[in-house]
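# Observations on the three-dimensional arrangement
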Amino acid sequence: MEELDGEPTVTLIPGVNSKKNQMCFDWGPGEMLVCETSFNKKEKSEMVPSCPFIYIIRKDVDVYSQILRKLFNESHGIFLGLQRIDEELTGKSRKSVSILSAMELIWNLCEILFIEVAPAGPLLLHLLDWVRLHVCEVDSLSADVLGSENPSKHDSFWNLVTILVLQGRLDEARQMLSKEADASPASAGICRIMGDLMRTMPILSPGNTQTLTELELKWQHWHEECERYLQDSTFATSPHLESLLKIMLGDEAALLEQKELLSNWYHFLVTRLLYSNPTVKPIDLHYYAQSSLDLFLGGESSPEPLDNILLAAFEFDIHQVIKECSIALSNWWFVAHLTDLLDHCKLLQSHNLYFGSNMREFLLLEYASGLFAHPSLWQLGVDYFDYCPELGRVSLELHIERIPLNTEQKALKVLRVCEQRQMTEQVRSICKILAMKAVRNNRLGSALSWSIRAKDAAFATLVSDRFLRDYCERGCFSDLDLIDNLGPAMMLSDRLTFLGKYREFHRMYGEKRFADAASLLLSLMTSRIAPRSFWMTLLTDALPLLEQKQVIFSAEQTYELMRCLEDLTSRRPVHGESDTEQLQDDDIETTKVEMLRLSLARNLARAIIREGSLEGS
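Residues numbered from 1 in each chain as written. Predicted model: local features only at pLDDT ≥ 70, side-chain atom pairs only at ≥ 80, totals over all residues. Heavy atoms only, no water.

Going by the annotation in an unreviewed UniProt entry, the name recorded for the protein is Nuclear pore complex protein Nup85, with Pan paniscus given as the source organism. Regarding the protein, the UniProt comment filed under Subcellular location (unreviewed entry) reads as follows: "Nucleus, Nuclear pore complex". As its UniProt record puts it under Function (unreviewed entry), the protein is described as follows: "Functions as a component of the nuclear pore complex (NPC)." (UniProt positions renumbered as here; feature names shortened; annotations may be inferred.)

## Quick notes on the overall build of the protein
A tally of regular secondary structure across the protein gives 30 helices and three strands. The buried share among the 617 residues of the protein stands at 40%. Considering only contacts in the protein between residues 6 or more positions apart, those separated by 24 or more positions represent 57%. For the protein, the accessible surface area stands at approximately 35800 Å², while carbon and sulfur atoms represent 53% of it. (Helix = DSSP H or I, 4+ residues; strand = E, 2+ residues; numbered from the N terminus. Buried < 20%, exposed > 50% of the residue type's maximum accessible area, 1.4 Å probe, protein only. Contact = heavy atoms within 4.5 Å. Areas by Shrake-Rupley, 256 points an atom, 1.4 Å probe, with all protein chains shown as cover.)

## Overview of helix H8 (residues 212-231)
An ideal rise of 1.5 Å per residue puts 28 Å on 20 residues; H8 measures up with 28 Å between its terminal C-alpha atoms. For H8, the full list of buried residues reads Leu215, Trp219, Trp222, His223 and Cys226. The arc that holds the buried residues of H8, viewed along the axis, is 105°, so those residues lie on one side. Opposite the buried face of H8, by more than 90 degrees, sit the exposed residues Thr213, Leu217 and Gln231. On its buried face, H8 sits against helix H7 (188-200), helix H9 (239-248) and helix H12 (265-276). (Expected span 1.5 Å × (residues − 1). Arc of directions from axis to C-beta.)

## What about the packing of helix H4 (residues 137-146) against helix H5 (residues 157-166)?
Pairs of packed helices are described in terms of their axes, by the angle between the two and the distance that separates them. It is the contact of H4 with H5, at a shortest axis distance of 10 Å, that shows an interaxial angle of 140°. Here H4 is positioned oblique relative to H5, judged by the angle of their axes. For the pair H4 and H5, the sense of crossing is left-handed. For the pair H4 and H5, contact is made by Val138, Leu141, Ser142 and Val145 and by Phe157, Asn159, Leu160, Ile163 and Leu164, respectively. Across the contact of H4 with H5, the residue classes break down as seven nonpolar, two polar and no charged. (Axes fitted to C-alpha atoms, helices over the stretch in contact; angles between N-to-C directions. Parallel < 35°, antiparallel > 145°, perpendicular 65-115°, else oblique. Left-handed = near helix turned anticlockwise from the far one by under 90°. Nonpolar A, V, L, I, M, F, W, Y, C, P; charged D, E, K, R; others polar.)

## Some words on the packing of H12 against helix H14 (residues 305-314)
Axis separation between H12 and H14 bottoms out at 11 Å; the angle between their running directions is 30°. Touching Trp265, Tyr266 and Leu269 of H12 are Asp307, Leu310, Leu311 and Phe314, all from H14. In terms of residue class, the contact of H12 with H14 is built from six nonpolar, no polar and one charged.

## Details of the environment of proline 202
Along the chain, proline 202 falls in the loop between H7 and H8. Proline 202 sits 19 residues away from histidine 221 along the chain, and the two C-alpha atoms are 9.6 Å apart. Apart from residues no more than four positions distant in its own chain, proline 202 is found in contact with Leu215, Lys218, Trp219 and Trp222.

## Description of helix H27 (residues 535-546)
End to end, H27 covers 16 Å across twelve residues, agreeing with the expected 16 Å (1.5 Å per residue, within 8%). Across the twelve residues that make up H27, a large majority, ten, are buried. Residues of H27 that are buried: Trp535, Met536, Thr537, Leu538, Leu539, Asp541, Ala542, Leu543, Leu545 and Leu546.

## Some details on the packing of aromatic side chains
According to the stated counting rule, one finds 14 aromatic pairs in the structure shown. Both rings, one in phenylalanine 157 and one in tryptophan 158, keep their centres 5.2 Å apart while their planes meet at 80°; by these two values the pair is edge-to-face. Phenylalanine 157 gets classed as buried once you look at its relative accessible area, which sits at 0%. Taken together, a centroid distance of 6.4 Å and an interplanar angle of 50° make the contact between tryptophan 333 and phenylalanine 334 tilted. Classification of tryptophan 333 as partly exposed rests on a relative accessible area of 37%. Joined through ring pairs, the aromatic side chains of Trp130, Trp265, Tyr266 and Phe314 make up one cluster. Between lysine 259 and the ring centre of phenylalanine 296, over which it is positioned, the NZ or CZ distance is 5.4 Å. (Phe/Tyr/Trp six-rings, centres within 6.5 Å; stacked < 30°, edge-to-face > 60°. Lys NZ or Arg CZ within 6 Å of the ring centre and 35° of its normal.)

## Thoughts on the pattern of salt bridges
A complete count under the given rule lists ten salt bridges for this structure. Across the pair aspartate 386 and arginine 421 runs a salt bridge, and its minimum N-O distance is 2.7 Å. Of the two residues, aspartate 386 is situated in helix H18 (residues 378-386) and arginine 421 in the loop between helix H20 (408-420) and helix H21 (424-440); the sequence distance between them amounts to 35 residues. Here aspartate 386 falls in the partly exposed class, since its relative accessible area comes to 35%. Since its relative accessible area comes to 16%, arginine 421 is described here as buried. One salt-bridge network, in which partners are shared between bridges, spans Asp139, Arg169 and Glu172. (Salt bridge = Lys/Arg side-chain N within 4 Å of Asp/Glu carboxyl O.)

## Observations concerning the side chain of serine 152
Along the chain, serine 152 turns up in the loop between H4 and H5. Within the structure, serine 152 has its side chain in polar contact with the side chain of asparagine 150 (distance 3.1 Å). Not counting the four nearest positions on each side in its chain, serine 152 is found in contact with Phe157, Lys179, Glu180 and Ala183. (Polar contact = N/O pair within 3.5 Å; in protein donor to acceptor, adjacent residues only side chain to side chain.)

## Brief notes about the nonpolar core
Within the largest apolar cluster, 112 residues are counted, with the highest numbers of intra-cluster contacts made by Trp130, Trp265 and Phe314. Structurally, this core is a two-domain feature, drawing no fewer than three residues from each of domain 2 (63-135 + 264-347) and domain 3 (138-260). For phenylalanine 314, the residues in contact, after removing those within four places along its chain, are Leu109, Leu113, Leu127, Trp130, Trp265, Leu269, Leu285, His286 and Ala289. Ranked by size, the runner-up nonpolar core spans 30 residues in total, among them Leu521, Leu522, Leu524 and Leu538. (Core = buried A, V, L, I, M, F, W, Y, C linked by side-chain atoms within 4.5 Å. Domains from an automatic or database assignment.)

## Quick word on the confidence of the model for the protein
Taken over all residues, the pLDDT of the protein has a mean of 78, while the share at 70 or more is 76%. Segment residues 1-5 is flagged for pLDDT under 50; beyond a separation of four residues in sequence, or across chains, it makes zero contacts in the model. (pLDDT = per-residue confidence, 0-100.)

## Quick word on a nonpolar patch on the surface
Side chains of Leu33, Ile54 and Ile56 sit close together on the surface and give an oily, nonpolar patch of about 280 Å² of accessible area. Relative to the helices and strands, leucine 33 resides in strand S2 (residues 31-40). The class for leucine 33 is partly exposed, based on a relative accessible area of 39%. (Patch = residues over 30% accessible without salt bridge, like charges linked within 9 Å, V, L, I, M, F, W, Y side chains within 5 Å.)

## Looking at the environment of alanine 411
Within the secondary structure layout, alanine 411 lies in helix H20. Given a relative accessible area of 0%, alanine 411 falls into the buried group. Spatially, the C-alpha atom of alanine 411 lies 8.0 Å from that of leucine 434, the residues being 23 residues apart in sequence. In this structure, alanine 411 is in contact with Leu405, Ile430 and Leu434, ignoring residues within four places of it in sequence.

Structure below.
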């Protein structure tokens, strides 16, 4: 059995005397329960009082650390990603990766040809970097070969050297050849000659000040030297080195023999230019591109959509590149951003389309429209619409009205977008929708808030009526904070004004400001701002004021209340109005009327006596 490196750490439990009493424990999945027993270690027959507590011993207390919990959460996401990586690289996900790689390939080429606008000489350097970036299997192959015990004897050694030469990485190829020379003294001489040819190949480096004419002259001399070595059969004893020499001479047949290592025609194109015309002019690129494609395919297969896009780029036909990308790619993300970049570089000859928008705007509109179809990406689409001067505003208004307002949080996001852009009609529409949802859910406070925000007088009146009806049924108001703080918003509709003022009457009454409350109550009735259906409620609210020891209503105010009561009881009901009919038929209402008449008469007498006494004094 394997021995422990050291004694396990002792965990002391406060309050537990393990030396005196026996311990009882039970293991759990991540913790242990510990307690003292009633048995004494020394005198086992005697039972003594034990500790009354049960202790929980946890192994991993770090999980309760807030900082470490964040770490655990983040590492959980990485863990799941690693477990699912195989699943994600199959089917549609693998296809998506391939499409994204093609997009990057096209984008980088467009940067070189349309934005960098590199002249002859530096142009080839950019194309070499482009190929090296997108044909990167050589790095894993190099690691595999160099990691072996004897690199020069590795099965893929010469494949690696050939790929390095095909990509113009001649310094690395020389280093590999030095390993072959060390391992095989018989071929050391020809390896050194090949290394010298690689070292002396003239290439226009970024910091070099030599002219193109000087470069072409040096390259011609170097090319003639390579020809002499081939004619002299210097490398005849090594087919691999002879094949490398033919590649460096730009021999098309030798290059096509390396189809598997080249992997695609544009790699073949750049290698062909490197070893046959390193100072190629941009205007001649499309001739080489077309011929390279034809040679590489050899009539065995037809060009793929990606091939057509790259050909259009080598022909410097920007519009054709955009057209081919639009046809080949499944969404507008790539073409929209590429077109926008080219437009900002003043390279896109914008021409108005039949509906009045230019190509850049058309593609941005299409891309933004696609984003609006997604439940969360629509927020990104808003910014794209903002930067479409012709039709962006109209398109945003149309699309934003179609966003499903599933939650109030989402509705607030949409509303904020509309308010920031002064989209008044859309703001009103959204607020009305939310107000109607709140009414259906009997959330009157929220409904009133949204109707005020929408400045919808009719809906505010409807919600106010619901508030008043609710008050009549329950005897109290809901959402008092909202009603108490209506402020100028109460002027939106007469009914909302009445609701706010009626709540103010109750507040005055609660504060025992009876005179102010009485004046407000009377003004609500005489100004006809109160709905007729609510008059009896207002008159009933006047009863406690009429019965106060102190006279609250003056004689004139009492006459006004009497007139309102008589108007309510004697007026014939209009068609569809059943308030007075219910009043006459209902015994309870009749009792209310009698009580009001009695209180009003008594208050009138008290008021006349009081006012007469005041005049007499």
